[in-house]
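# An overview of the molecular structure
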Amino acid sequence: MPTVSMTVNGKQVSGEVDARKLLVEFLRENLLLTGTHVGCDTSQCGACVVHVDGRSVKSCTMLAVMADGASVTTIEGMASGETMHPMQEAFREQHGLQCGFCTPGMVMSAVDLVAVNPDPSEAEIRHWLGGNICRCTGYHNIVEAVRDGAARMRALGKAAAE
Amino acid sequence: MSNVTGIGVSVKRKEDKRFLMGRGNYTDDIARPGMTHGYILRSPHAHAKINAIDTTEAEKAPGVVAIFTGKDMAADGVGSVPCGWLITQKDGSPMNEPAHPPLVVDRVRHVGDQVALIVAESLAQAKDAAELIEIDYEEMPATVGVASAATGPLVHDEVAGNLCYDWEIGDAAAVAEAFSKAHHITKIDVTNNRLIPNAMEPRAYIGEFDKGTGEYTLYTTSQNPHVIRLLMGAFVLNIPEHKLRVVAPDVGGGFGSKIFHYAEEAIVTWAAPKVGRPIKWTAERSESFMSDAHGRDHVSHAELALAEDGTFLGFKVETTANMGAYLSTFATSVPTYLYATLLAGVYKTPAIHCNVKSYFTNTVPVDAYRGAGRPEATYLIERIVDKAAREMGLDRVEIRRKNFIPIDAFPYQTPVALQYDSGNYFATLDRAEDMADVAGFPARKAEAAKRGKLRGLGYSTYVEACGIAPSAVVGSLGARAGLFESAVVRVHPTGGVTIFTGSHSHGQGHETTFAQLVSETLGIPLENVEISHGDTNKVPFGMGTYGSRSLAVGGEALMKAMNKVVEKARKIAAHVLETAVEDVDFKDGVFTVAGTDKAMPFAQVALTAYVPHNFPHDQLEPGLEEQAFYDPMNFTYPGGCHICEVEVDPDTGVTQVVGMTAVDDVGNVVNPMIVHGQIHGGLAQGIGQALLEECVYDESGQIVTGSYMDYAMPRADAFPSFKVDNCVTECTHNSLGVKGCGEVGAIGSPPSVINAVLDALLDVGVTDISMPATPAKVWAAIQGAKTAQAAE
Ligand code: FES
Ligand code: FES
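Because the structure is predicted, anything quoted here is derived from the model rather than measured. (Residues numbered from 1 in each chain as written. Chains lettered and ligands numbered in written order. Predicted model: local features only at pLDDT ≥ 70, side-chain atom pairs only at ≥ 80, totals over all residues. Heavy atoms only, no water.)

## Structural notes on the overall build of chain A
Stated formally: Only runs of H or I of at least four residues qualify as helices and only runs of E of at least two qualify as strands under DSSP, and these elements are numbered from the N terminus. Values of the radius of gyration come from C-alpha atoms, whereas the globule rule sets the reference at 2.2 Å times the count of residues to the power 0.38. Remark: exposure states derive from per-residue accessible area (1.4 Å probe, protein chains only) relative to the maximum for the residue type, with buried under 20%, exposed over 50%, and partly exposed in between. Contact criterion: two residues are considered in contact whenever any of their non-hydrogen atoms come within 4.5 Å of each other. Method for areas: the Shrake-Rupley scheme with a 1.4 Å probe, in which residue coverage is limited to the protein chains shown.
Of the regular secondary structure elements, chain A holds five helices and five strands. Secondary structure of chain A in N-to-C order comes out as β-β-α-β-β-β-α-α-α-α. The globule rule puts the C-alpha radius of gyration for 162 residues at 15 Å, and the 15 Å found for chain A is close to it. Across its three principal directions, the C-alpha atoms of chain A cover 45 × 30 × 25 Å. Evaluated residue by residue, chain A yields a buried proportion of 56% over its 162 residues. Across chain A, the fraction of contacts at a sequence separation of at least 24, relative to all contacts at a separation of at least 6, is 59%. Surface exposure of chain A reaches about 5,900 Å², of which carbon and sulfur atoms provide 51%.

## Topic: empty space enclosed by the protein
Residue and element names in this part refer to chain B. Quick reminder of the rule: A cavity here means a set of 1 Å grid points, computed over protein atoms only, where a 1.4 Å probe fits but cannot escape. A pocket is an open set with protein on both sides within 12 Å along at least 5 of 7 lines, and lining residues have an atom within 4 Å of a point. Grid points are joined across faces, edges and corners, and a volume is the space filled by probe spheres set on the points. Amino acids outside the nonpolar list (Ala, Val, Leu, Ile, Met, Phe, Trp, Tyr, Cys, Pro) and the charged list (Asp, Glu, Lys, Arg) are all regarded as polar, and Gly is one of them. Delimitation of the domains relies on an automatic or database domain assignment.
Tallied over the full model, the rule gives nine cavities of 30 Å³ or more. Estimates place the volume of the largest cavity at around 150 Å³. Elements that contribute at least two residues to the lining of the largest cavity include exactly helix 7 (263-275) and helix 8 (285-291). Residue composition of the lining of the largest cavity, by class: nine nonpolar, seven polar and two charged. Looking at the lining of the largest cavity, you find at least three residues from each of domain 1 (31-140 + 203-282) and domain 2 (146-194 + 294-406). Approximately 80 Å³ is the volume attributed to the second largest cavity. Lining the second largest cavity are 14 residues, and of these Phe19, Asp250, Ser505, His506 and Gly507 sit closest to its centre. Across the lining of the second largest cavity, the residue classes break down as three nonpolar, six polar and five charged.

## Some remarks on the packing of aromatic side chains
Any aromatic ring pair is given by two values, namely how distant the centres are and how the planes are angled relative to each other. Residue and element names in this part refer to chain B. Under the convention used in this document: A pair of aromatic rings is counted whenever rings of Phe, Tyr or Trp (Trp by its six-membered ring) have centres within 6.5 Å, and the orientation is called stacked for planes under 30 degrees apart, edge-to-face for over 60 and tilted otherwise.
For the structure shown, the criterion picks out 24 aromatic pairs over all chains. For the ring pair Trp85 and Tyr337, a centre distance of 5.9 Å and an interplane angle of 25° mean the geometry is stacked. Of this pair, Trp85 sits in the loop between helix 3 (70-75) and strand 4 (107-108) while Tyr337 sits in the loop between strand 14 (312-324) and strand 15 (351-360); the two residues are 252 residues apart in sequence, bridging distant segments of the chain. By the burial criterion, Trp85 is buried, and Tyr337 matches it. Centroid distance Phe330 to Tyr546: 6.4 Å. Interplanar angle 40°. Geometry classified as tilted. Within this pair, whereas Phe330 is found in the loop between strand 14 and strand 15, its partner Tyr546 is found in the loop between strand 21 (529-533) and helix 15 (550-576), the two being separated by 216 residues in sequence. Among the residues examined, Phe330 registers a relative accessible area of 13% and is labelled buried.

## Thoughts on the interface of chain B and chain A
Counted only if it meets this: The term buried area means the drop in 1.4 Å probe accessible area that two parts suffer when joined, counted for both and summed. Whenever Lys or Arg places a side-chain nitrogen within 4 Å of a carboxyl oxygen from Asp or Glu, that contact is recorded as a salt bridge. Two N or O atoms form a polar contact when they lie within 3.5 Å of each other; inside protein one atom must be a possible hydrogen donor and the other a possible acceptor, and for residues adjacent in sequence the pair counts only when both atoms belong to side chains.
If you look at the interface, chain B gives 55 residues, while chain A gives 44 residues. Across the chain B/chain A interface, buried area totals approximately 4,200 Å², and carbon plus sulfur atoms make up 54% of it. One can count seven salt bridges joining chain B with chain A. Among the ionic pairs, A:Glu93 bridges to B:Lys12, the shortest N-O distance being 3.9 Å. At the boundary of chain B with chain A, the tally comes to 30 residue pairs in polar contact (both at pLDDT 80 or more). At the level of elements, helix 1 (16-20), helix 4 (123-130), helix 8 and helix 17 (672-691) of chain B are the ones that each hand at least two residues to the side of chain B that touches chain A. No other element matches helix 17 of chain B, which puts eight residues into the side of chain B that touches chain A. Classifying every residue of the side of chain B that touches chain A gives 25 nonpolar, 15 polar and 15 charged.

## Description of the sheet that holds strand 15 of chain B
Residue and element names in this part refer to chain B. Rule in force here: Here a strand pair is declared whenever DSSP counts at least two bridges between the two strands. Whenever a helix is involved, its axis is fitted only over the stretch in contact; in every case the axis is a line through C-alpha atoms, and angles between N-to-C directions fall within 0 to 180 degrees.
Here five strands make up an open sheet; going across it, the order is 7-15-14-13-8 and the pairing mixed. The open sheet terminates on both sides in strands that have one partner only, identified here as strand 7 (163-170) and strand 8 (184-192). Shown here is a sheet whose adjacent strand axes are inclined to one another by a mean of 10°, direction ignored. The sheet contacts of helix 5 (residues 172-180) involve strand 7, strand 8, strand 13 (298-306), strand 14 and strand 15, and relative to strand 14 the element is tilted by about 130°.

## Looking at the sheet that holds strand 2 (residues 48-54) of chain B
Taken in spatial order, the three strands make up an open sheet running 4-2-6 (chain B), and their pairing is antiparallel. Looking at which strands have only one partner, the edges of the open sheet turn out to be strand 4 and strand 6 (134-139) of chain B.

## Focus on the pairing of strand 1 (residues 3-8) of chain A
All names here are of chain A. Burial along strand 1 is one-sided: the residues Val4, Met6 and Val8 are buried and none of Thr3, Ser5 and Thr7 is. Bridge analysis of strand 1 against strand 2 (residues 11-16) gives six bridges, and the strand direction is antiparallel. Paired with Met6 across the strands is Val13, a residue of strand 2. What sits between the antiparallel neighbours strand 1 and strand 2 is a turn of two residues, in which Asn9 has the positive phi angle 50°. Strand direction decides the pairing type here: strand 1 and strand 5 (residues 71-73), joined by two bridges, are parallel. Considered in strand 5, the bridge of Thr7 is made with Ser71.

## With respect to helix 19 (residues 775-791) of chain B
All names here are of chain B. Put simply, the rule reads: Helix span is expected to be 1.5 Å times the residue number reduced by one. Each C-beta atom gives one direction from the helix axis, and the arc is the one those directions make.
With 17 residues, helix 19 should cover 24 Å at 1.5 Å per step; its first-to-last C-alpha distance of 24 Å lies within 8% of that length. Residues of helix 19 that are buried: Val778, Ala781, Ile782 and Ala785. When helix 19 is viewed along its axis, its buried side chains cluster within an angular range of 95° and face the same direction. The exposed set on the far side of helix 19, more than 90 degrees from its buried face, consists of Ala776, Thr787, Ala790 and Ala791. Buried residues along helix 19 sit in contact with strand 26 (639-648), strand 27 (655-665) and helix 18 (744-761).

## Points about the side chain of B:Ser505
Residues and elements named next belong to chain B. Mapped onto the elements, Ser505 comes out in the loop between strand 20 (497-501) and helix 14 (510-522). From its side chain, Ser505 meets the backbone nitrogen of Gln508 in a polar contact 3.4 Å long. If sequence neighbours within four positions are ignored, Ser505 has contacts with His510 and His533.

## Regarding the layout of surface pockets
Taken as a whole, the largest pocket holds about 1,200 Å³ of empty space. Sorting the residues of the lining of the largest pocket by element identifies helix 1 (23-30) of chain A together with strand 1 (36-42), helix 4 and strand 12 (279-282) of chain B as the ones contributing at least two each. Here the lining of the largest pocket gets five residues from one element, more than from any other, and that element is helix 4 of chain B. Tallied by class, residues from the lining of the largest pocket come to 18 nonpolar, nine polar and 17 charged.

## Quick look at a nonpolar patch on the surface
Residue and element names in this part refer to chain B. To keep things clear, this is the line we draw: Residues form patches when they are more than 30% accessible in relative terms and have no salt bridge. Like charges link within 9 Å. Nonpolar side chains (Val, Leu, Ile, Met, Phe, Trp, Tyr) link within 5 Å.
A cluster of nonpolar side chains, contributed by Leu607, Tyr610 and Val611, occupies part of the molecular surface with about 230 Å² of accessible area. Looking at the secondary structure, you find Tyr610 in helix 16 (residues 602-610). Judged by relative accessible area, Tyr610 falls into the partly exposed class, the value being 32%.

## Regarding the pattern of salt bridges
Two side chains that carry opposite charge are able to pair once their charged atoms sit near each other. Residue and element names in this part refer to chain B. On inspection of all chains with the given rule, the structure shows 59 salt bridges over all chains. Here Arg18 makes a salt bridge to Asp250, at a shortest N to O gap of 2.7 Å. Of this pair, Arg18 sits in helix 1 while Asp250 sits in the loop between strand 11 (244-247) and helix 7; the two residues are 232 residues apart in sequence, bridging distant segments of the chain. The partly exposed category is assigned to Arg18, whose relative accessible area is 25%. Since its relative accessible area comes to 9%, Asp250 is described here as buried. Arg400 is the partner of Glu382 in a salt bridge, and the nearest nitrogen-oxygen pair spans 2.8 Å.

Structural data, given as structure tokens:
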């Protein structure tokens with residue numbers, strides 16, 4: 001079995017994996033980082049979004065071996081200690097989540113949006129989130145949360161590429 | 001009391017931080033020691049006989065622990081997956097209720113039917129082994145659509161004409177009489193499109209058996225763990241309830257689809273002791289499409305009799321409903337008691353009759369999905385009301401106002417069994433018209449026309465019955481369960497409180513809303529309250545969450561239990577403060593004695609309860625913990641008005657929702673932020689049904705829309721921002737005056753969308769369109785109308 005090593009949430013990790021193992025499976029099963037979810041098998045729901053080398057990626061669409069040597073950030077790596085990332089804070093403040101299942105992917109996607117577009121309009125947010133499905137919120141409060149999160153990130157000088 | 005965390009405040013949710021930090025605990029996140037992985041091999045055919053199953057090669061595959069088929073389960077005496085609601089037919093006979101084996105024995109009846117369980121060390125190995133199983137299928141012709149079910153091939157040999165039941169409600173003679181006096185009769189045929197619920201968390205189960213204690217545990221993505229324990233333990237697996245623990249941890253959305261007892265729950269629980277290790281099964285999304293209970297799927301013909309001035313005289317409806325291949329837990333109640341009893345809508349129509357025939361087909365079982373029956377009723381009524389107005393040249397708003405149940409007519413007894421306790425449909429209509437800026441619509445329409453777009457406005461005024469339900473009522477109608485709710489309030493010695501509720505949150509925010517009730521009632525801070533739910537070994541027997549019942553039924557149970565706590569605490573305070581119980585007041589978390597400065601905060605009473613050094617033990621028990629069960633007197637009746645504004649591009653048929661206003665009367669509101677969130681989600685599902693979503697089967701019974709590539713799940717760009725507000729008439733039979741908000745969005749909105757589309761298409765001559773109004777359908781309707789006009 002091939003061995004992979006990568007940095008996950010700032011920590012060096014490595015492990016032996018089946019060549020067909022997906023990155024999301026490696027994160028969830030090997031590293032027990034279960035905040036990254038699996039909501040589909042056709043790469044459409046976005047519940048599995050993580051950052052690989054700073055950009056949002058659907059971790060169900062990447063083999064673990066493809067992430068060899070990469071730096072991966074999952075939802076568990078977003079907060080500083082117990083202080084949530086401004087985007088996480090905004091989701092809570094704006095009630096941008098209900099069941100929480102799509103939420104990690106939404107937050108990871110939204111943070112990447114703000115990295116490339118620090119002040120996105122409603123239409124830009126809705127367009128960007130085309131790859132993230134939420135069945136609970138009707139997206140209304142997610143849009144509010146992303147707008148609010150972007151403002152918080154700008155205020156903290158976090159809007160530039162993470 | 002100006003309690004900043006009490007009733008009426010948009011408190012931010014207590015549960016959010018763990019979800020936002022990736023610390024949720026969903027079933028698939030759980031790894032049990034020694035856990036194996038299960039894969040369910042499913043039927044690729046809609047209907048086939050199984051001549052033989054050969055697992056020899058598969059059993060030798062790497063990592064395989066065991067393989068089970070329906071024969072193994074049958075040999076073990078495993079029962080049929082039960083249906084929870086008996087419908088009595090018109091002629092007095094019981095409905096047809098064919099067996100539903102968890103793993104089929106010799107015949108598959110829908111694509112996705114469970115054929116075998118493969119247990120292996122890893123999921124990949126289980127899937128590899130499944131490829132090696134040889135099954136000799138003999139394909140049979142399938143019955144697919146409900147319209148042809150009566151004459152199609154038999155799904156169950158013993159069920160003639162595929163008929164599950166033929167049922168009616170209302171007074172046919174009174175309706176005939178009304179129709180004989182009608183000035184005008186409007187007729188309509190509508191299909192309520194079949195939907196796939198698609199909670200974002202796929203179903204997942206872990207079955208486990210403890211050899212030492214003989215206890216089974218099932219971790220499940222369920223909305224109601226006790227219901228699963230009862231159905232699976234008592235009817236399928238014969239496990240006594242004290243030896244069966246069912247845990248529903250964090251659950252990622254349900255929308256009805258996680259109410260039901262599913263075959264896979266029984267399969268992994270049954271197989272766990274056989275392999276001697278826990279077994280986890282998690283649905284892949286493609287499996288969800290072919291095994292989660294679907295929703296809706298009704299075809300109806302309706303006729304409305306009107307007087308010359310537009311007064312409704314009588315309403316008659318014939319509906320056929322699709323049950324799918326087997327009866328899911330509450331399938332039979334959806335097109336009957338949750339649908340036909342709502343056919344009065346918000347109108348004082350004096351005579352109503354409805355005949356419902358439900359059929360088996362070779363499709364996935366159909367059951368409750370957000371709204372369950374009430375969206376189907378609302379859609380039918382609100383479509384025919386618009387059509388009647390148009391045919392008679394009456395204003396569509398005026399015809400509604402004219403027929404609304406008047407404000408002073410409550411409690412209002414409908415001709416179809418329900419008694420609405422309260423409502424004010426005028427108020428919600430007025431407020432919605434205001435918020436939607438109906439007055440400015442003509443200008444917006446003219447502006448859109450300049451851009452070549454057709455703009456339309458659509459209304460829906462609705463009522464629904466939720467807060468499900470009085471046990472006595474549903475029992476008399478065939479429900480095989482009570483529908484009460486339970487709560488335990490455990491006050492800890494240092495004043496913290498744990499609430500054990502039979503309700504279950506899968507996104508609704510009970511950990512916050514219920515904590516607000518506690519904070520308000522006991523006067524303690526939110527952070528001193530913990531809500532525990534979802535574990536049958538912890539919480540008292542409860543019925544779970546569906547039918548917008550958590551606050552109206554579960555919240556009331558909690559209030560009842562808290563009142564008992566306050567009464568007990570009052571006795572303790574009276575004892576310590578050396579006064580009569582009647583003289584002790586309780587306010588803002590402090591017990592006081594009238595006319596004195598004696599006072600005792602709640603936390604001190606709690607401590608005393610557990611340090612009862614000088615209690616008169618013949619009069620006062622130690623401890624501070626109370627339990628209550630609450631069974632409601634009636635359903636609750638939220639109602640309101642939804643106004644949708646759309647823009648149709650006549651060249652492409654694309655419909656864009658440009659405005660969606662919802663004013664709902666859900667009774668008193670505990671947390672407006674959460675309530676509005678629930679309504680947003682419901683609206684999205686309603687708009688999704690109206691414009692995007694449909695489960696399509698081909699003639700052979702294959703699901704054409706079996707993934708997110710084909711099933712049009714609404715994305716963020718399908719919607720505008722919503723305008724949402726509430727008007728309040730209080731529920732008259734619960735102490736909180738609450739009604740329920742979980743389903744109103746999905747119930748009220750679909751007809752408002754379609755009525756808006758038809759309003760937009762009025763000028764081009766289109767008079768009918770079916771859900772979902774996809775671009776292709778809208779474009780074809782426009783072309784059809786043009787051709788028809790050219791031919792005239
Ligand atoms: S799980 Fe990756 S997109 Fe759905
Ligand atoms: S919050 Fe439940 S799917 Fe988005």
